[in-house]
Amino acid sequence: MIAQHLPILQIVLPLMAAPVCMVIRHPHVVWIWATLIAFLCLPMSIALLMQVMAEGVIVYELGGWAAPWGIEYRIDKLNAFVLVIVTAIGAVVMPYAKRTVDAEIPMSRVYLFYTMLLLCETGLLGIAITGDAFNLFVFLEISSLSSYVLISLGKDRRCLTAAYRYLIMGTIGATFYIIGVGLMYMVTGTLNIADLAILVPEMVESRTIHAALAFLTVGLALKAALFPLHMWLPNAYAYAPSAVTVFLAATATKVAIYAFIRVVFTIFGDIDILAALPIRYLLMGLAIAAMFAGSAVAIYQNNAKRLLAYSSVAQIGYMILGISMDSVTGVTAGIVHLFNHALMKGALFMALGAIMLQTGSVDLRDMRGIGHRMPLTMAAFVVGGLSLIGVPLTAGFVSKWYLIQAALEAGWWPLAVLIVFSSLLAVIYIWRIVEIAYLQPNLEMPKAREPEPMSLLIPMWVLAGATIYFGVDATTTLGIAGLAAQALLAGGG
Amino acid sequence: MEQFPGLVPYWAIIVLMMMGLYIVIAHGNLIKKIVGLNVFQVSVFLLYITMAKVEGGTAPILAEGIKLYSNPLPHVLILTAIVVGVATTALGLALVVRIHNAYGTIEDEEIDKLEDQT
């Protein structure tokens, strides 16, 4: 009975739990409540994924109104996978959040933090689960508005301007998205994604549809921080509270990329839009520019969080590159990298959050010898860093391997060379941190500190361990991503 | 395809849209940016409302004698979008207040200068 309503419960549970946080207000009780909800969401999404793998697409009609009149939730392999990514990161972040939030946010505002975190998770899950293009916009704004608040809760005053700039850029992006949806509605008269997938390809010659595609692409690229629309990202990640950086870096841009995949391969699925219009080369060019520019700028950063934020810009390039190749292998690589990058960036930002908690700074100049003072944290950082480079036996290797294979399959060997070269840039910025952390003399410690708390180490190592696990045995992730990619490219998704 | 001028409301919408976007990009004052953002969003609301219009149609009310009425769905969608717009504006203005408290200015360039110092 309950299993039948899982799709809606997945959204309603965190949505309803968020205002309850406002009622509870007590910082510790709120944390217990939010953690409980996050841990309930994870098995739900796993159950949904297993059900989709076993039985195929789940369609849930809200209020019993059949689509295209009512809103439906439509879960296939791809968005079930995205749901698992978001809920898994949500569940790992909660125990981690306790200590860092207590240290970084005034006690009187802690309850707001958990309210917003749950709302943000609701929004991201909603984007993934919904089968309605306008509903997607509403969830997009729920997640965005809550993430602006989350970012502005940081300690440094620069978090305020970062949140403001993200608000401006994010709103423009979301508004572009509804312009696109509106133009599609104008010619098709439907908002249901499955319905659009049938009607839009028939009218692909219409200029309105071309304009719609342009607006949707730019809007979602802004949200996904695709180069050169990434300007909001570095400061937002650098000055947000540690737990927020972990959560957003691991999920927010990924979900925007998911929405983009939906537009390109589901709504425009039947006509192979990437080949029909020159979008493919545009995306490919931007992706390659992102890979190099992101990594190159990362090398010169002195703030470790900003450094990783720029590296995120580069990694988003890899995902878009995989998608732009428009082959099963390429899209598989893109989807797998969504998952793998969430794991490794999560682990990396968690390590930096722990350093922030213990030493009060993530400036590289203050991190000298940190590897000797916080060996477990830095070890997790190194694992994440190796995965970012794409060293074998880490998750990053699997995605890059597939990406290179996809490039070679299509006969674009220069692309494969570029992928390898841009990975070398990652070696430089990761090595820079490793060198400072291990090989430079230990800084004089102002006072004796106890080792980093277990509540930080365990989530960090769960993610770092997962990075290694999915690097050694990638059959599960590749299996799901491969099937999702096949379904997408078969048309209509 | 209709003749060149086409439908006038769409021209008005495009002009508003570009004005809004231009204000967001060109103005350094954080409040003015939000005003620009509002103009931009309102132009999109108008786009939806305009496309809902059916020639000769009245308001979509279920009553005796009304056969032809405008499409109510975009109206409902825009009601949602207006709420989102209000929330965004409120949050944006709240951030500007806090930025003013923290930096003592709401001019983009001056904030940039202050940020470069730290």
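Quick caveat: nothing in here was measured; it's all calculated off a predicted structure. (Residues numbered from 1 in each chain as written. Chains lettered and ligands numbered in written order. Predicted model: local features only at pLDDT ≥ 70, side-chain atom pairs only at ≥ 80, totals over all residues.)

## Brief notes about the overall build of chain B
As a reminder of what qualifies: To qualify as a helix, a DSSP run of H or I must reach at least 4 residues; to qualify as a strand, a run of E must reach at least 2; elements of each kind are numbered from the N terminus. In this description the radius of gyration comes from C-alpha coordinates, and the expected globular size is given by 2.2 Å times residues to the power 0.38. A residue is called partly exposed when the number of other C-beta atoms within 10 Å of its own lies between 12 and 20, exposed at 12 or fewer, and buried at 20 or more, with C-beta atoms placed from the backbone.
Scanning chain B from N- to C-terminus turns up four helices and zero strands. For chain B, the N- to C-terminal ordering of α and β elements is α-α-α-α. Against the 2.2 N^0.38 benchmark of 13 Å for 118 residues, chain B shows a C-alpha radius of gyration of 20 Å, more extended than a compact globule. Split into buried and exposed, the 118 residues of chain B put 25% on the buried side.

## Looking at the interface of chain B and chain A
Threshold: Throughout, a pair of residues is in contact if the C-beta atoms placed from their backbones lie within 7 Å. Each residue is assigned to one class: nonpolar for Ala, Val, Leu, Ile, Met, Phe, Trp, Tyr, Cys and Pro, charged for Asp, Glu, Lys and Arg, and polar for all the others, Gly among them.
Residue-level contacts link 25 residues of chain B with 22 residues of chain A. At the level of elements, helix H2 (30-52), helix H3 (72-103) and helix H4 (108-117) of chain B are the ones that each hand at least two residues to the side of chain B that touches chain A. A total of 13 residues in the side of chain B that touches chain A trace back to one element, the largest contributor, which is H3(B). Here the residues of the side of chain B that touches chain A sort into 18 nonpolar, four polar and three charged.

## Comments concerning the environment of A:Pro14
The residue A:Pro14 is located in helix H1 (residues 6-24) in this model. Through-space distance from the C-alpha of A:Pro14 to that of A:Leu40 is 9.3 Å; in sequence the pair is 26 residues apart.

## Here's the deal with the confidence of the model for chain B
The following threshold applies: Residue-level confidence of the predictor, termed pLDDT, takes values from 0 up to 100.
Considering every residue of chain B, the mean pLDDT works out to 88; 96% of them sit at 70 or more. Here the predicted complex carries an ipTM of 0.93, next to a pTM of 0.92.

## Re helix H5 (residues 133-152) of chain A
Basically, it comes down to this: Expected span of a helix: the number of residues minus one, times 1.5 Å.
Look at H5(A): 29 Å from first C-alpha to last across 20 residues, which is about the 28 Å you get at 1.5 Å a residue. By the criterion of burial, H5(A) is predominantly enclosed, with 20 of the 20 residues buried.

## Quick notes on the nonpolar core
Formally: When buried Ala, Val, Leu, Ile, Met, Phe, Trp, Tyr and Cys residues are joined through C-beta atoms within 7 Å, the set is termed a nonpolar core.
By size, the foremost hydrophobic cluster in this structure holds 227 residues, and its most contacted members are A:Phe81, A:Ala163, A:Ala347 and A:Ala351. Apart from residues no more than four positions distant in its own chain, A:Ala163 is found in contact with A:Tyr148, A:Ile151, A:Ser152, A:Ala236 and B:Leu95.

## Some words on the pairing of strand E2 (residues 72-75) of chain A
Residues and elements named next belong to chain A. For clarity, the cut-off: What makes two strands pair is DSSP finding at least two bridges between them.
Taking every second residue as pointing to the same face, both faces of E2 are buried, with Glu 72 and Arg 74 on one and Tyr 73 and Ile 75 on the other. As judged from the four bridges shared by strand E1 (residues 58-61) and E2, these two strands associate in the antiparallel manner. Each bridged residue has a counterpart across the sheet, and for Glu 61 the counterpart in E2 is Glu 72.

## What about unusual backbone geometry?
All names here are of chain A. Look at the link from Phe 227 to Pro 228: it is a cis peptide, with omega at 0°. Position of Pro 228 relative to the elements: it lies in the loop between helix H8 (207-224) and helix H9 (233-239). Here Arg 25, not a glycine, exhibits a phi torsion of approximately 65°, which is positive. Positive phi, normally seen in glycine, also occurs at Leu 393, with a value near 75°. Structurally, Leu 393 is set in the loop between helix H16 (375-389) and helix H17 (395-409). The class for Leu 393 is exposed, based on 12 C-beta atoms found within 10 Å.

## A few points about helix H14 (residues 328-359) of chain A
Residues lying three or four places apart along an α-helix face the same way, a consequence of the helix completing one turn every 3.6 residues. Compared with an ideal rise of 1.5 Å per residue, which puts 32 residues at 46 Å, H14(A) spans 46 Å between its outermost C-alpha atoms and is within 8% of the ideal. Residue A:Gly360 follows H14(A) closely and has a positive phi angle near 80°.

## A word on the packing of helix H6 (residues 158-188) of chain A against H3(B)
Just so we agree on the cut-off: The angle between two axes is taken between their N-to-C directions and runs from 0 to 180 degrees, where each axis is a line fitted to C-alpha atoms and a helix contributes only its stretch in contact. Each angle gets one of four labels, with under 35 degrees taken as roughly parallel, over 145 as roughly antiparallel, 65 to 115 as roughly perpendicular, and the rest as oblique. Whether a crossing is left-handed or right-handed is set by the direction in which the near helix is turned from the far one by less than a right angle, anticlockwise for left-handed and clockwise for right-handed.
Axis separation between H6(A) and H3(B) bottoms out at 9 Å; the angle between their running directions is 160°. In terms of orientation, H6(A) and H3(B) fall into the roughly antiparallel class. For the pair H6(A) and H3(B), the crossing hand works out as left-handed. Here A:Leu160, A:Thr161, A:Ala163, A:Tyr164, A:Leu167, A:Thr171 and A:Ile178 of H6(A) come into contact with H3(B), specifically with B:Ala81, B:Thr88, B:Leu91, B:Gly92, B:Leu95, B:Arg98, B:Ile99 and B:Ala102. Among the residues making up the contact of H6(A) with H3(B), the classes are represented as ten nonpolar, four polar and one charged.

## Looking at the environment of A:Tyr258
All names here are of chain A. Mapped onto the fold, Tyr 258 is located in helix H10 (residues 242-267). Remark: the alpha-carbon pair of Tyr 258 and Gly 346, spanning 88 residues in sequence, is separated by 18 Å. When near neighbours in sequence (up to four residues on either side) are disregarded, Tyr 258 contacts Asn 79, Val 82 and Ala 128.

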